[in-house]
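# Summary of the model geometry
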Amino acid sequence: MSTNPFYITTPIYYVNDRPHIGHAYTTILADVLARYHRLLDHPTYFLTGTDEHGQKVQQAADKAGMTPQQQADQTVVRFQELWDKLDITHDDFIRTTETRHVKVVQDILSDLYARDEIYRAEYDGWYDVSSETFVTEREAEEAGGESNPNLTRIKEANYFFRMSRYQEWLIQYIEANPSFIQPDFRRNETLGFLRKPLMDLCISRPKTRLSWGIELPFDDQFVTYVWFDALVNYISAVGYLRDEAKFNQWWPASIHLIGKDILTTHTVYWPTMLKAMGVAQPQTVFAHGWWLSGASKMSKSVGNVVNPMEMIDRYGVDAFRYFLIAEMTLGQDASFSEEAFVRRFNADLANDLGNLLSRVAKMIRKNTDGVIPAVDGDPLTGEEEASVWASVQEAVQAIHQSVDTLRLDTGLASVLAAVRATNRYLELKQPWTLAKQEDRAPLHTVLYTAAEALRVISALLFPVMPERMTALREALGVDQVEPHMQRLAQFGVLQAGAPVADPGVLFPRIKPLVSSIEQELPMSEPTPQPSTPAPAVPPVVVPGVIDYEYFAQVQLRTARVVAAERIEGTNKLLKVDVRIGDERRQLVAGIALYYTPEELLDKTVVVVTNLKPATIRGIKSEGMLLAASKGESLRLITVDGNLSTGAVVK
Ligand code: MSP
C-alpha cells in the first residue's frame, strides 16, 4: 500500500452569488481526482469551502438588504446543496467566517507584524475601485488615469506585507521547480509578471471603507484584505498552528486547483506569504481554463451563464460530470453548449457504453441462467480475447497517467476506446449465434471476457460517474466498495455463478437538439442550379420586424485576422484564421475576389461566433465574417478605433 498522501483543494468561492458552471467544474474536477487517488489507495484529503469576507460579499448584502453574515449564511447553503447533489466527496468545507479560520489568520498577522514582515505606511497613489486593488502609476496611466471612473487617487494609512523582498527568491523557486505552476504556459505568465518590480502588498482596508473582514489584531481600525484572509484557508483547514499532527499529515498540498483568473494571487501572493511564515510551498498550483458559452465568456449581464442545477435536472448528475471532464482539455478554455452535451452523451454513453452493458447483461440473463458463466482454461489465450484485454489494460494505464498529468480527457478517451473495442469484439464473435450451438464453451468465453472488460471499465469510470457505475457494477454483481487499481490489472476476478441483474437503461438516449435556423452559407460560392426542380423546401419566412430576442441569438464578436490563405480550386474563397479573445478559429469566407490574404492580416473584423460549423470544400469553417456589399463591391465590417479582440458586438 502506498502512503503517498494526496491533498487537493478548490478555490473557496465567494458567497455574493449562486454557484455557476465554473464553480461546479472546479469542484467536480477536484472530486474526480480525489476519487481516483482513493482508488489508488493514497490517503486523500479534499478541501473546498467559501470565501465570505470582502467587498463583493458586502456589496451583495447591501443590495439584498441583509447583513453580510446573513448573505453568507444564505448563499453557502446553495453551494453545499449543489455539492451534495453532484456527489462531491470533500473531507472538509471551510467557511472563512468560522472561528477556526479567523483566529489562525489573526495569529499569522500578529506573527508577521512582530517580525516586521508587515509594516504601516502612508499610501498616496491610485486605487481601482472595481477590483479593490492599488495600482501603480504605470498601470493607472495605461488604464486611462483620471478619465477612468474606476480609478481614484487616495491617500491613507495602511499595512503592507513586504512582498517585494521575496521577488528574487520566488523567480528562482519557480525556475527550479517546474511542476510548481502548471500548465507550463501559466508558469511563463507568472514569470513574465515577475519581470516587473514587485510592490509590497497592501493587506489592510480601513474600516471606514470596508468593515466586512477580519480585524487586524494590532489595529482595530482596519480589517485584512480579503486575499490575505482567503488564501490562508488552505492551511487553517488542516490544522496550521492548531493541530500539528494533522497539519504535518496533509501539508504541503499536492494540488491547488484554480481557474486562470486567480493565477497571480496563488502563484505570487501565496508563495511569498508562505515563505514569510516559514511554511513549505504547495507542490502544484494548477490553473484551468474557462468554460465559455459557445464562444463567448459567460456573463450575468449577457444572460448566458449555465446553471448547473438545470443541467443536472435535465440530464442527470453523472452525465453532467462526464461531459465536463471529458470535454475540457485541462488548461485550455472549453466551450459549453447543450448541443455538444447531447451529442457526446448519445455517442459515448447511450450508444457505446449503454449498448455494451445491455448486450452483455441480456445475453447472460438469457443464455447462461442469469449468472456469470464458468470458463475452461484461460480465455486470454484466444487472440481476440487477448486483444480486447490489451485495450482494457491500455485504458488502465492511460487513466493512471492522466491522473498524474491531469489530462483526464485523454484518459477517458482511452476508456471509451476500450468500450468500443469490446463492442467490436462482440460483433466479431456474435454471441447471439454462438448461443445456438451445442458447445457452450465459446459462448461462455465471449460473455465472460466482455463482462470482465465491463468490470474494469466501470471501475475506471467510477470516479467520474459514481452513481451510474455503481448501478452497472451492481448489475454485474461486483462489490460496491471502491475497487482498488491493483485488481484492475487481473483477469478473472468475476466469480462464475454470481447472478447478473437487469441493469435497465443506464443512459437513455436524448433526442438530439437541432438548431432552429438552418444555416446558409453566405458569401460562399453559389451552388450550381439544379437542372431538375429542387425538392420542395419550406421557405424561410423572414418577418419584417423581429423581436430583440431573435437578434440576441446571434453572437457577434470582434476578432483579429492572424492568418489567411487562398483555397485551391476556387478563386472566391479564403481560409481565414482569427483570434477571438483567447481563442483561435478557422473560417472559410467568400471574399477572395475583394481581398488578398495579405491585406487581411491583422485586420479587426466582426465574426458570427455561434453558427453551426460547416465544412466547405473539405475545410472546417467555424463562424462567419460580416461584410457589407453592394453591386460589385464588398467591404468587411470592422470597428471604429482600438478594442481588444473578443469584444461583444451588440
Ligand atoms: N474567492 C476567490 C478565490 C479564493 S481562493 C483562496 C474567487 N472566488 S469565485 O467565486 O470568483 O470563484 C472563482 C473560481 O471559479 C475560479 O478560479 C474558477 O475556478 C471558477 N470559475 C469561475 N468562472 C469560471 C468559468 N466560466 N469557467 C471555469 N471556471 C471559472 O475567485
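Sequence order as written defines residue numbering, which begins from 1 separately in each chain. Local features are withheld for residues below a pLDDT of 70 in this predicted model, meaning they are given only at 70 or higher, and side-chain atom pairs are given and counted only at 80 or more; totals for whole chains, interfaces and linings count all residues. Values shown for side chains rest on all heavy atoms present in the structure; no hydrogens or waters enter the calculation.

## Points about the nonpolar core
This is how it is decided: In plain words, nonpolar cores are sets of buried Ala, Val, Leu, Ile, Met, Phe, Trp, Tyr and Cys residues tied together by side-chain atoms within 4.5 Å. Burial status follows relative accessibility: with a 1.4 Å probe on protein chains alone, a residue under 20% of its type maximum counts as buried, one over 50% as exposed, and anything between as partly exposed. Whether two residues are in contact is decided by their heavy atoms: any pair within 4.5 Å suffices.
Ranked by size, the top nonpolar core spans 102 residues in total, and within it Leu86, Trp291, Phe320, Phe336 and Leu353 carry the most contacts. Among residues more than four places away in sequence, those in contact with leucine 86 are Ala24, Ile28, Ile312, Val317, Phe320 and Arg321. One finds Leu198, Val226, Leu231 and Ala287 within the second-largest nonpolar core, a separate group that totals 58 residues.

## Let's talk about helix α1 (residues 21-39)
Heads up, the rule is: Here a strand is any run of E in DSSP of at least two residues, a helix any run of H or I of at least four, and the numbering for each starts at the N terminus. Multiplying 1.5 Å by the residue count of a helix minus one yields the expected span of that helix.
Between the first and last C-alpha of α1 there are 26 Å, a value that for 19 residues agrees with the 27 Å anticipated at 1.5 Å per step. Burial analysis of α1 places 17 of its 19 residues in the buried class, the great majority of the element. One or two positions beyond α1, positive phi appears at aspartate 41, with a value near 70°.

## What about the sheet that holds strand β10 (residues 204-206)?
Basically, it comes down to this: For two strands to be treated as a pair, DSSP must find no fewer than two bridges joining them.
Spatial strand order, β10-β12-β11: three strands in an open sheet with antiparallel pairing. Across the chains shown, the open sheet's two edge strands, defined by having one partner strand only, are β10 and β11 (215-216).

## Observations regarding the pairing of strand β3 (residues 44-51)
With eight of eight residues buried, β3 is to be regarded as a mostly interior element. With two bridges joining them, strand β2 (residues 13-14) and β3 adopt parallel strand pairing. What sits directly across from tyrosine 13, in β3, is threonine 50. The pairing of β3 with strand β4 (residues 92-95) spans four bridges and is classified as parallel. Of the residues in β4, the one forming a bridge with glycine 49 is isoleucine 94.

## Considering the side chain of aspartate 219
Short version of the rule: Identification of polar contacts relies on pairs of N or O atoms within 3.5 Å, with a donor-acceptor requirement for protein atoms, meaning one able to donate a hydrogen and the other able to accept it, and with residues adjacent in sequence counted only if both atoms are side-chain atoms.
Looking at where aspartate 219 falls in the secondary structure, it is placed in strand β12 (residues 219-224). Since its relative accessible area comes to 12%, aspartate 219 is described here as buried. Here the side chain of aspartate 219 touches glutamine 221 through a polar contact of 3.0 Å, landing on its backbone nitrogen. Leave out the neighbours within four places in its chain, and aspartate 219 touches Arg120 and Tyr159.

## So, the packing of α1 against helix α13 (residues 317-327)
Rule in force here: Axis definition: a line fitted to C-alpha atoms, over the contacting stretch in the case of helices. Angles run 0 to 180 degrees between N-to-C directions. Roughly parallel means an angle under 35 degrees; roughly antiparallel means over 145; roughly perpendicular covers 65 to 115; every other angle is labelled oblique. Polarity classes work like this: nonpolar for Ala, Val, Leu, Ile, Met, Phe, Trp, Tyr, Cys and Pro, charged for Asp, Glu, Lys and Arg, and polar for all others, with Gly in that last group.
At a minimum axis separation of 10 Å, α1 and α13 run at an interaxial angle of 90°. Put simply, α1 runs roughly perpendicular to α13. Residues Ile21, Ala24, Tyr25, Ile28, Leu29, Asp31, Val32 and Arg35 of α1 form the contact with α13, whose participating residues are Phe320, Arg321, Leu324 and Ile325. A per-class count over the contact of α1 with α13 returns nine nonpolar, no polar and three charged.

## As for the packing of aromatic side chains
Rules: What counts as a ring pair is set by centres within 6.5 Å for rings of Phe, Tyr and Trp (its six-membered ring), and what kind of pair is set by the plane angle: stacked under 30 degrees, edge-to-face over 60, tilted for all other angles. We call a charge positioned over a ring when the NZ of a Lys or the CZ of an Arg lies within 6 Å of the ring centre and within 35 degrees of the ring normal.
Counted by the stated rule, this structure contains 33 aromatic pairs. The interplanar angle of 65° and the centroid separation of 4.8 Å between the aromatic rings of tyrosine 127 and phenylalanine 134 together place this pair among those described as edge-to-face. For the pair formed by tyrosine 127 and phenylalanine 134, the shared burial category is buried. Considering the side-chain rings of tryptophan 291 and phenylalanine 336, the 6.1 Å spacing of their centres and the 75° angle between planes classify their relative orientation as edge-to-face. Remark: phenylalanine 336 occurs in strand β17 (residues 334-336) and tryptophan 291 occurs in strand β15 (residues 291-293); sequence separation between them is 45 residues. Taken as a pair, tryptophan 291 and phenylalanine 336 share a single burial class, namely buried. Ring-pair connections join several aromatic residues into one group, and the members of that group are Tyr7, Tyr45, Tyr234, Tyr240, Phe247, Trp250, Trp251 and Trp270. The aromatic ring of tyrosine 127 is capped on one face by arginine 209, whose charged end is 4.4 Å from the ring centroid. Lying across the ring of tryptophan 290, lysine 297 places its NZ or CZ 5.4 Å from the centre.

## Considerations on the environment of serine 414
Here serine 414 shows up in helix α16 (residues 408-429). Given a relative accessible area of 15%, serine 414 falls into the buried group. As a C-alpha pair, serine 414 and glutamine 393 span 21 residues in sequence and 9.9 Å in three-dimensional space.

## Observations concerning the site of the ligand
For the record, the criterion: When at least one non-hydrogen atom of a residue lies within 4 Å of a molecule or strand, that residue is treated as near it.
Around the ligand, the surrounding shell holds 22 residues, and the nearest of these are Ile12, Thr26, Asp51, Trp290 and Trp291. Residue glycine 259 places a main-chain N or O atom 3.1 Å away from an oxygen atom belonging to the ligand. Within the side chain of aspartate 261, a nitrogen or oxygen atom sits 3.2 Å from an oxygen atom of the ligand. Elements with a minimum of two residues in the shell around the ligand: β2, α1, α8 (226-230) and α9 (233-236). Broken down by element, the residue count for the shell around the ligand peaks at three residues, all from α1. Taken together, the residues of the shell around the ligand sort by class into 11 nonpolar, nine polar and two charged.

## Quick notes on the side chain of threonine 422
Looking at where threonine 422 falls in the secondary structure, it is placed in helix α16. Not counting chain neighbours up to four residues away, the residues in contact with threonine 422 comprise Leu356, Val388, Ala450, Ala453 and Ile457.

## Concerning the confidence of the model for the protein chain
Basically, it comes down to this: The score called pLDDT rates the predictor's confidence residue by residue, from a low of 0 to a high of 100.
In this model, the protein chain carries a mean pLDDT of 89, and residues with pLDDT of at least 70 account for 92%. Between residues 515-544, whose pLDDT stays under 50, and residues either more than four places distant or in other chains, the model counts 24 contacts.

## Description of the pattern of salt bridges
Condition: One side-chain nitrogen of Lys or Arg within 4 Å of one carboxyl oxygen of Asp or Glu is enough to make a salt bridge.
Tallied over the full model, the rule gives 36 salt bridges. Between glutamate 98 and arginine 100 there is a salt bridge, and its shortest N-O distance comes to 3.3 Å. Looking at arginine 100, the relative accessible area reads 33%, which means it is partly exposed. What you see here is one network of salt bridges that share partners, running through Asp31, Arg35 and Arg321.

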